[in-house]
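# Tertiary structure, described
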Amino acid sequence: MRRYLPVITLIVLAPVVAELLGGSTPISDAYTLLLWIPIYGCGALLIREIVRRRGLGWPSILLLGAAYGFIEEGLALQSLFDPHIYGGLALWGGRILGINGVYTEVVIIDHAVWSVAVPILITELLFPVTRTEPYLRRLGTGVAVLWYLLGVAIVWVVGFFGPGRGYLAPVPLLSVAGLAVVVLGVIALGPPRSARAARTDLAAPSPWLVAAVGLVGSVAVLGLFPLGAADLAFMRGPLVAVPMLAAAVIATCVAVLITRWARARGWGDTHLVALAGGALVGHSLIGDLVFPKTLVNRVGLSLLIVLVIILVSLLWRRASQTAASRSLGRGSTAA
């Protein structure tokens with residue numbers, strides 16, 4: 001049970017965070033998550049298994065999360081290329097060589113962070129004892145692979161036969177998506193190295209600042225969607241390169257900043273909880289702006305956000321108590 005509970009948590013949490021909390025699946029259609037559990041849940045689970053078995057760190061999780069995004073959106077759903085996807089969403093920012101530019105940038109980051117990294121982070125915070133250990137043995141890994149492949153097939157069927165679909169991307173575009181998966185995978189799974197970087201003399205920032213960075217960074221990057229939906233002048237034609245580049249720069253700066261802070265003296269679970277909380281709230285706020293909802297669904301999403309805040313608060317309290325106990329223990333030992 002010590003191993004199965006984290007597995008079940010991650011498998012369920014991944015589609016809940018990506019779809020329900022992100023707003024793309026309304027609360028009234030929550031039952032459809034059963035279709036997404038195989039690809040979302042098993043995808044995040046397999047990425048964690050690979051990274052933890054090889055002793056790699058969060059950069060590898062994010063890179064494999066991006067590769068996951070290209071598999072789901074590029075090869076299975078083919079939404080990166082479909083010019084009619086989701087009622088004109090492809091036109092937000094225009095198309096670049098047959099690729100939905102703004103959509104591709106946002107959705108790949110979305111999958112890397114919220115479909116994969118955030119659910120893994122929350123699961124490991126909930127079950128810290130098994131944080132660095134693989135959850136599965138050989139048989140379990142094989143079953144997860146089969147379920148993930150089934151999930152990819154389900155997404156393709158739903159995408160192709162869904163209302164207004166029937167789109168098949170040209171082979172060259174599918175080859176680009178496949179190449180992106182291979183390149184990201186090779187970079188992510190480079191020579192095994194320690195996942196724990198050397199500490200620096202820099203003092204860790206306040207957890208509140210970390211939460212603010214997670215929130216603002218999420219809104220800034222995902223905010224390309226509501227800007228595109230508003231049909232603003234700078235989101236059309238060549239000018240769209242400016243907000244797209246700005247979003248990429250912001251995402252890179254946040255990643256570099258968090259990486260630097262993670263090596264700082266005093267960085268711990270409280271900061272990780274704050275980062276996850278800020279990212280989750282920012283994700284939900286943008287989802288609420290982008291996807292149309294009935295009053296029932298808006299209330300439902302608001303309740304989910306409240307539950308997330310409660311969960312984050314409980315994790316924050318536990319992390320703070322654990323840090324205080326360790327500090328007290330070190331003080332007693334020194335005395």
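The text that follows walks through the structure, step by step, so that each part is easy to find.

Parameters and conventions
- Residues numbered from 1 in each chain as written.
- Predicted model: local features only at pLDDT ≥ 70, side-chain atom pairs only at ≥ 80, totals over all residues.
- Heavy atoms only, no water.
- Core = buried A, V, L, I, M, F, W, Y, C linked by side-chain atoms within 4.5 Å.
- Buried < 20%, exposed > 50% of the residue type's maximum accessible area, 1.4 Å probe, protein only.
- Contact = heavy atoms within 4.5 Å.
- Helix = DSSP H or I, 4+ residues; strand = E, 2+ residues; numbered from the N terminus.
- Axes fitted to C-alpha atoms, helices over the stretch in contact; angles between N-to-C directions.
- Left-handed = near helix turned anticlockwise from the far one by under 90°.
- Nonpolar A, V, L, I, M, F, W, Y, C, P; charged D, E, K, R; others polar.
- Polar contact = N/O pair within 3.5 Å; in protein donor to acceptor, adjacent residues only side chain to side chain.
- Salt bridge = Lys/Arg side-chain N within 4 Å of Asp/Glu carboxyl O.
- Parallel < 35°, antiparallel > 145°, perpendicular 65-115°, else oblique.

### Re the nonpolar core
L45, I47 and V102 are the most contacted members of the largest nonpolar core, which has 86 residues in total. Sequence-distant contacts of V102, defined by excluding residues within four places in its chain, comprise W92, G93, L224, F225, M235, V240 and M244.

### Things to note about the environment of V219
With respect to the secondary-structure elements, V219 resides in helix α7 (residues 207-222). With a relative accessible area of 32%, V219 lands in the partly exposed category. Taking the C-alpha atoms as reference points, V219 and S284, separated by 65 residues in sequence, lie 9.4 Å from one another.

### Re the packing of helix α2 (residues 33-53) against helix α3 (residues 58-76)
Two numbers describe how α2 lies on α3: the axes approach to 10 Å, and their chain directions differ by 145 degrees. Like other packed secondary-structure pairs, α2 and α3 cross with a definite hand, here right-handed. Counting all contacts with α2, which are made through I39, Y40, G43, I47, I50, V51 and R52, the residues of α3 involved are W58, S60, I61, L64, G65, Y68 and E72. A breakdown of the residues in the contact of α2 with α3 according to their chemical character gives 9 nonpolar, 3 polar and 2 charged.

### A short note on the side chain of T130
By the element assignment, T130 lies in the loop between α4 (101-126) and α5 (138-161). Residue class for T130 comes out buried when judged on its relative accessible area of 3%. Among the polar contacts listed, one links the side chain of T130 to the backbone oxygen of F127, at a separation of 3.3 Å.

### So, unusual backbone geometry
Excluding glycine, most residues fall at negative phi; most peptide bonds, likewise, are trans. Notably, Q78 is not glycine yet its phi reads approximately 60 degrees, a positive angle. By secondary structure assignment, the location of Q78 is in the loop between α3 and β1 (95-96). Residue classification places Q78 among the buried residues on the basis of a relative accessible area of 4%. Look at L97: it is not a glycine, yet its phi comes out positive at around 55 degrees. Mapped onto the elements, L97 comes out in the loop between β1 and β2 (99-100). Overall, the relative accessible area of 79% leaves L97 in the exposed class.

### A few points about the pattern of salt bridges
Counted under the stated rule, the structure contains 5 salt bridges. A salt bridge links R48 to E124; the shortest N-O distance between them is 2.8 Å. Of this pair, R48 sits in helix α2 while E124 sits in helix α4, and the two are 76 residues apart along the sequence. Of the two residues, R48 and E124, both sit in the buried class. The salt bridge involving D269 is made with R131; its shortest N-O contact spans 2.8 Å. Here D269 is found in helix α10 (residues 269-290), whereas its partner R131 is found in the loop between α4 and α5, with 138 residues between them in sequence. Overall, the relative accessible area of 25% leaves D269 in the partly exposed class.

### A closer look at the packing of α3 against α4
Put simply, α3 and α4 touch, their axes get as near as 8 Å, and they point 130 degrees apart. On the basis of the axis angle, α3 is oblique to α4. By crossing handedness, the relation of α3 to α4 is classed as right-handed. For the pair α3 and α4, the contacting residues are W58, I61, L62, G65, A66, Y68, G69, F70, E72 and E73 in the first and Y103, V107, I108, H111, A112, V113, S115, V116, A117, I120, L121 and E124 in the second. In terms of residue class, the contact of α3 with α4 is made up of 15 nonpolar, 4 polar and 3 charged.

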